[in-house]
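Structural features, examined
One letter stands for each residue in the lines below.
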Amino acid sequence: MFGSENVLEAALTSVGDAVIVTDERARITFINPVAEALTGWPAETARQQPLAAVFRIVNERTRAPVEDPVAKVLATGVVQGLANHTILLAKDGREIPIDDSAAPVKLKDGRTIGAVLVFRDITERRRAEIGASWLAAIVECSDDAIISKSIDGTITSWNPAAQRLYGYAASEIIGRSIMTIVPRELAAEEQDILARLRRGERIEHFDTVRIAKDGRRIDVSITISPVRDEEGIVIGASKIARDIGKRKEFEARLKEEQRLKDEFLATLGHELRNPIAPIHTAAEFLLRLSLPDPRATAAVGVIQRQTRQLRRLVDDLLDLARVTQGRIDLRTARVDLSEVIEQGIEMVDPLMREKQHQLIEVWNARPLFVRGDKARLIQCISNIVGNAAKYTDPGGQIRIAIRSDGDQAVIEIADNGAGIAPELLPRVFDLFVQGSRSPDRAEGGLGIGLSMVKRLVEMHGGEVSARSEGPRLGSTFELRLPLAQMSEPEGAEPIAVEAPRRRVLIVDDNADAANSLGMLLSHRGHETRVVYSAREALATVQAFRPEAVLLDVGLPEMDGYEIARRLRAMSELWGVRLIALTGYGQAGDFESARAAGFDDHLVKPAELAALERALVGIPREDDD
């Protein structure tokens, strides 16, 4: 038989908690394996050590030493519990949260001869407690309303932010239905939410409306997550709601600002194009006359080049607004890049000739095709080549090379001109970024061309980059575009046409624009009549019986849309072609013109070729 002491020691050794026994002087007489592991003290070393040397404890928060519980037991003879938030400092430096108690060891006569200390590692429990307290603090301090509800929609918790948002105190709302704060017309929405929660779905933030205690309707963004029990069964939901009233107001202001900006850009385009149109038309007319003095012909060339530049600046400005807002639809087809480059160069040919630049073209061994909007790609090429021509001294060299690289077509445009400063290079495609102006670099521009090139190229799934060794060392721009599949159909070329002679009524309150256009079309053999108001237009059509009407939209008293509708109602004008000729050129303007009965819509100043096509009735390239 084992002695009672041996049985007791075996029991203490086998227990799952840490156990330390001391004598009446608080010296350790026994330490079980669990206590050895927690304190880091082997039994043979710990025995006869003062308890305070082996069992070192501090407060979790203050790090101040905690009074030895065994000392209290030996002094009072009463069981002592450890203080909350006690940390055991192990011999090897570990810090272990512990709890439990110390009790006296007494003889039959009641004399205390020692103490037994029982403690356990509560690390996991403390982590859970700390996590729960952090979570509670977050919920309590959150600026967002955090609400929980049972699966039948009964509110079970309500944080202070929910009270601030909805006006109900927790004591007023807990236990009531969530429908208390849901507008009546959104009852079906809430029922759908509850059904989805029962299926275990998480409902990501969505915008909706809730009702406050005082009846106010509140715009909120809500996220709802299912809450499950230990067996994984959905028993409720946690809801986070955020007041988005200010965001909604901000979005409304942005929308209004965008509307005002669109109106401003439309008006700006109209007001700038109106004076450009008669200058452009008059120059076109003069160029077709046999001018006796070659200096006059040169002067007309100057006028043409500068009006084209003005028009390009206006178009770039308005195009950029549409591109940055994602309001340009690319009309894509399989496009031969050699044609894109040739037509892009042609657009800046007058400037190239004026500055006597040398153009070097390096073509790929076989034609390269991309899928893209031909007009927009030509615009990109002309912008970059135009910049190269503008910022290269007279007699400079511009090199354009095209090649394939894997599944990409690469267009490289290099010049030996002004170059790009290192600090400017990373921002060269940013909006309104330009190099510093100086007397030897007085070329014009708005600083938007390259920004638009970047956006248009990216809309084609490509990329554009720039490099330069620095000022006066030239620059190189590289465009990369995905190659098209060989099976894709190629885009049709616009049809060149000379319109048959027609009776054309021109209506424009800008006398210079109307008269110059009348002169040009008369010179082309058309019979023209020019009027300057809606009243004159309606009176003239009866006698003149035009076959085509070029009609300004922005007329006073009665706009061109109303005139078009009235003309369409006249049976005697059946078959007449109505062509809107206006400074307004945004997408909505084209749609409005069609809705009013116009056959075509031309933006001032219209090229003669576009006018001839419109008179014949051949669709514009962007109508394909």
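Provided above is the structure to which this section pertains.
Right, let's walk through the structure included here. (Residues numbered from 1 in each chain as written. Predicted model: local features only at pLDDT ≥ 70, side-chain atom pairs only at ≥ 80, totals over all residues. Heavy atoms only, no water.)

Moving on, we come to the overall build of the protein chain. Per the secondary structure count, the protein chain includes 20 helices and 24 strands. For the protein chain, the proportion of its 624 residues judged to be buried stands at 45%. Taking the intrachain contacts of the protein chain between residues at least 6 apart in sequence as the baseline, contacts between residues at least 24 apart amount to 60%. (Helix = DSSP H or I, 4+ residues; strand = E, 2+ residues; numbered from the N terminus. Buried < 20%, exposed > 50% of the residue type's maximum accessible area, 1.4 Å probe, protein only. Contact = heavy atoms within 4.5 Å.)

Taken N-terminus to C-terminus, the directions of helix α12 (residues 337-347) and helix α14 (residues 374-390) make an angle of 55 degrees; their axes are 8 Å apart at the nearest point. On the basis of their axis angle, the class for α12 and α14 is oblique. Note that α12 runs across α14; the crossing there is right-handed. Here α12 contributes E339, V340, I341, Q343, G344 and M347 to the contact with α14, which in turn contributes K374, L377, I378, I381 and S382. Grouping the amino acids of the contact of α12 with α14 by side-chain chemistry returns six nonpolar, three polar and two charged. (Axes fitted to C-alpha atoms, helices over the stretch in contact; angles between N-to-C directions. Parallel < 35°, antiparallel > 145°, perpendicular 65-115°, else oblique. Left-handed = near helix turned anticlockwise from the far one by under 90°. Nonpolar A, V, L, I, M, F, W, Y, C, P; charged D, E, K, R; others polar.)

Quick look at the sheet that holds strand β22 (residues 548-551) now. Strand order in the open sheet formed by five strands is β21-β20-β22-β23-β24, and the pairing between neighbours is parallel. The two strands at the open ends of the sheet, each matched to only one other strand, are β21 (527-531) and β24 (600-603). Averaged over all neighbouring strand pairs, the angle between strand axes comes to 20 degrees, with direction disregarded. Alignment of β22 against strand β23 (residues 577-582), held across four bridges, turns out to be parallel. Counted as the bridge partner of L550 is I579 from β23. Contacting β20 (503-507), β21, β22 and β23, helix α16 (residues 511-523) runs over the sheet at an angle of about 175 degrees to β21. (Pairing = 2+ DSSP bridges.)

For side chains bearing opposite charge, pairing can occur when the charged atoms are close. Evaluated as defined, the whole model comprises 39 salt bridges. R403 serves as the salt-bridge partner of E478, at 3.6 Å between the closest nitrogen and oxygen. Linking E478 in strand β19 (residues 475-482) with R403 in strand β16 (residues 397-405), this pair joins segments that are 75 residues apart in sequence. Judged by its relative accessible area of 11%, E478 falls in the buried class. Since its relative accessible area comes to 35%, R403 is described here as partly exposed. Between R480 and E478 there is a salt bridge whose closest N-O contact spans 3.0 Å. (Salt bridge = Lys/Arg side-chain N within 4 Å of Asp/Glu carboxyl O.)

Sheet architecture is open: five strands sit in the order β14-β16-β17-β19-β18, paired in mixed fashion. Both edges of this open sheet fall to β14 (358-362) and β18 (463-467), since each of them pairs with a single strand only. With strand direction ignored, the average angle separating the axes of adjacent strands in the sheet is 15 degrees. In this sheet, β16 lies alongside β14 in parallel orientation, the contact comprising five bridges. Along β16, the bridge assignment pairs V362 with A401.

Our focus in this paragraph is the nonpolar core. Generally speaking, a soluble globular protein has its nonpolar side chains buried in company with each other. Core analysis: the biggest nonpolar cluster contains 37 residues, and L337, I400, I411, I413 and L479 have the highest contact counts within it. Broken down by secondary-structure element, the contributors of at least two residues to this core are α12, α14, β16, β17 (408-415), α15 (449-459) and β19. Of all hydrophobic cores here, the second largest spans 25 residues; its members include F544, L555, M570 and V576. (Core = buried A, V, L, I, M, F, W, Y, C linked by side-chain atoms within 4.5 Å.)

What follows covers the packing of aromatic side chains. All chains considered together, the criterion is met by four aromatic pairs. Centroid distance W158 to Y166: 5.6 Å. Interplanar angle 40 degrees. Geometry classified as tilted. For W158, a relative accessible area of 8% corresponds to the buried category. On the numbers, 6.0 Å between centres and 90 degrees between planes, the contact of F429 with F477 is edge-to-face. Taken together, the residues F429 in the loop between β17 and α15 and F477 in strand β19 connect sequence positions 48 residues apart. The ring of W41 carries K91 above its face, with NZ or CZ at 4.3 Å from the centroid. When the ring centre of F369 is taken as origin, the NZ or CZ atom of R334, which lies over that ring, is 3.8 Å away. (Phe/Tyr/Trp six-rings, centres within 6.5 Å; stacked < 30°, edge-to-face > 60°. Lys NZ or Arg CZ within 6 Å of the ring centre and 35° of its normal.)

Right, let's talk about helix α10 (residues 245-287) for a bit. Helix length check: α10, at 43 residues, gives a terminal C-alpha distance of 61 Å against a target of 63 Å (1.5 Å per residue), a fit within 8%. Most pronounced at R273, the bend in α10 amounts to some 30 degrees, and the proline P275 follows within four residues. (Expected span 1.5 Å × (residues − 1). Bend = angle between axes of the 7 residues up to and from the residue.)

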